Amino acid sequence: MFCQAFMLSFLVHAVPVTPHHKSVLETRILLEFFFSELKCKLCWNELAKIKRLALSVKYVEKTEKDARNFSVALFSSSYRAKNKAISVSLGFHVLSASLTMSGGEQEQRNYYLGVDVGTGSVRAALVDQCGVLLAFADQPIMKWEPQFNHHEQSSEDIWAACCIVTKKVVRGIDLNRIRGLGFDATCSLVVLDKQFRPLPVNHEGDPHRNIIMWLDHRAVSQVQRINETKHRVLQYVGGVMSVEMQAPKLLWLKENLRETCWDKAGHFFDLPDFLSWKATGVTARSLCSLVCKWTYSAEKGWDDSFWKMIGLEDFVADNYSKIGNQVLPPGASLGNGLTQEAAKDLGLPAGIAVAASLIDAHAGGLGVIGADVKGHGLACEGQPVTSRLAIICGTSSCHMGISKDPIFVPGVWGPYFSAMVPGFWLNEGGQSVTGRLIDHMVQGHAAFPELQAKATASCQSVYAYLNSHLDLIKKAQSVGFLTVDLHVWPDFHGNRSPLADLTLKGMVTGLKLSQDLDDLAILYLATVQAIAFGTRFIIEAMEAAGHSITTLFLCGGLSKNPLFVQMHADITGMPVVLSQEVESVLVGAAILGACASGDFTSVQEAMARMSKVGKVVFPRREDKKYYDKKYKVFLKLVEHQKEYAAVMHGD
């Protein structure tokens, strides 16, 4: 029983000849050991916050020669365990981490700032030149859904959140050591007028809501008409344009908000490009955004005939000034760096190098795919980086595979030249909802209130509790066998890849009258498995077209769920590599800043230096036959759905 506050402190001494980043890692290992030995059950979400803060060890140089002191501030939090309130005051004092550099010289350390704008929050991290995350902060952002399939945000709200998190992560830091800043964000559409003021993207006329989010599906009619053109640019998006891309959204604005938005618009930005413009005043666009979401060609530029054919000839007439006629590769330095105004907003010195941006998934790919895998027994060791598939899994999932030559994969976006790694072609598969689907299935179940209560009582997240509950109810076989009679088709928001069919719906077969906690846990498991089967489906399509993939590299929020990771390994039959830094998307953004600063000669060099392997999860080969059977059922589900649709819509 825990009934009083307690204080723990300990001293960490770095090995005298080790460089600073190793000392940080040693500190982190000890902190992890402390948490693993902690006997009381702390609330999972609060413990995660403390762990993340502990992992984000900030250090402040105390002398100009060879000593640095590390400290993590005192945290006080309240927890509940077994219905007992626990007040825990944790003091971590990491002191006197003295470093003696060779020859008595102090090693100069450079820092880079990565800012990531996701679907629900803005996050920032301070990262050093070895890829060690030194500080982290996040801030929620607003979302609106005024009607079904309409999803909107505010560029002013997002920029304000960027300012909050950057000021937090640089607090106590020698700002002169910050060499570069990189942004990544969702591929949402930002609309500004000619004076760069927000314009409404809604029928209510609210200019504060000036972003059409990436997952918005309002432009169904427009994308259908675009796909009916069968224009040659469509071959670079898997043959079928997605409703989530920018052309159909732009056409929707022209057809539905002509007076309040379209006629007044001066600038249409992808959200990552909006952020780099806000920081530098430079309207140049990133090659990543324009190639992946706007039909721009890295080799040929804009195709006038496409925009004229779909009814957006306005862009051709003004030489594409509204959507970008200056294009730079990701990581290129923009203008004169951070402007005075932006520097004040962000709490940074003016003139810091700011990089051309990346879409968030591409930043995640950059942060993981180049890691050195020597000594881990992986098939991709000694093989080209093209044998790796980066999967960035959060609200949705993106599957990033690269190749030296263009590979056209039906239903998979790309090939895009130099859109993620310079000099390589990128194919991007994806699932429109993954994390969001898991939330939907779990939170919509009748047993969810019971789950919440039990998870809170045991001081765990609902998903950690579900994972533990599955281990309790499994029989002699592996936990995956619990779904032998329950199967899910996961396209509750349409199929992005490899079928590229937004009309597809979700399916569940094998339901019973039971609505207890066991039933919820098994449905959760079946949903996670369905997402992994979707990944297998995408991989098979990519390999059939010419990719050769041996190893998965996962990052993003879902990669922190051990069940999600193990299911991906078991169902694809491939090992899964997890990054040493769980916030790989932020490391990818920081890599951009490092490249813009000139501290690295290429993106590839920065990737090799700043990406590190943390853990490898191997597939359980003994379960292969079972998952092969379930995969056959998985494919039958979509066949049957199409048959049902044909029956219902036939004569």
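For the structure, see preceding data.
For clarity, every value in this text was computed on a predicted model and none was experimentally measured.

About the criteria used
Residues numbered from 1 in each chain as written. Predicted model: local features only at pLDDT ≥ 70, side-chain atom pairs only at ≥ 80, totals over all residues. Heavy atoms only, no water. Salt bridge = Lys/Arg side-chain N within 4 Å of Asp/Glu carboxyl O. Buried < 20%, exposed > 50% of the residue type's maximum accessible area, 1.4 Å probe, protein only. Helix = DSSP H or I, 4+ residues; strand = E, 2+ residues; numbered from the N terminus. Patch = residues over 30% accessible without salt bridge, like charges linked within 9 Å, V, L, I, M, F, W, Y side chains within 5 Å. Areas by Shrake-Rupley, 256 points an atom, 1.4 Å probe, with all protein chains shown as cover. Pairing = 2+ DSSP bridges. Expected span 1.5 Å × (residues − 1). Contact = heavy atoms within 4.5 Å.

Caption draft 1: Structural detail: the pattern of salt bridges. Per the counting criterion, the structure on display carries 25 salt bridges. Across the pair Asp-193 and Arg-197 runs a salt bridge, and its minimum N-O distance is 2.8 Å. Classification of Arg-197 by relative accessible area gives partly exposed; the value is 47%. With a closest N to O distance of 4.0 Å, Glu-639 and Lys-636 form a salt bridge. With Glu-639 and Lys-636 both in helix α19 (residues 624-649) and three residues apart, the pair spans about one turn of that helix. Accessibility expressed as a relative area gives 39% for Glu-639, which makes it partly exposed. Salt bridges sharing common partners tie together Glu-152, Glu-204, Asp-206, Arg-209, Asp-216 and Arg-218.

Caption draft 2: View of a nonpolar patch on the surface. A cluster of nonpolar side chains, contributed by Phe-492, Val-508 and Leu-511, occupies part of the molecular surface with about 250 Å² of accessible area. Take Leu-511: it is sitting in the loop between β23 (507-509) and α15 (517-545).

Caption draft 3: View of the pairing of strand β13 (residues 265-270). Summarising burial for β13: six of the six residues are buried, a large majority. When strand β11 (residues 189-193) meets β13, the two strands line up antiparallel, connected through five bridges. By the bridge assignment for β13, Val-190 is matched with Phe-269.

Caption draft 4: Local environment of α19. End to end, α19 covers 38 Å across 26 residues, agreeing with the expected 38 Å (1.5 Å per residue, within 8%). The complete set of buried residues in α19 reads Tyr-626, Tyr-627, Lys-630, Tyr-631, Phe-634, Leu-637, Val-638 and Gln-641. Turning to α19, the residues buried within the fold contact β22 (487-489), β23, α15 and α16 (562-572).

Caption draft 5: View of the environment of Glu-204. Topologically, Glu-204 is positioned in the loop between β11 and β12 (211-212). For the pair Glu-204 and Thr-260, spaced 56 residues apart in sequence, the C-alpha separation works out to 9.9 Å.

Caption draft 6: Quick look at the sheet that holds strand β8 (residues 144-147). The strand order across the open sheet formed by five strands is β8-β9-β12-β11-β13, and the pairing between neighbours is antiparallel. Edge strands, defined here as strands with exactly one partner in the open sheet, are β8 and β13. Sheet topology note: the strand β9 (residues 150-153)/β12 ladder contains two bridges and is antiparallel. Bridged to Gln-153 within β12 is Ile-211.

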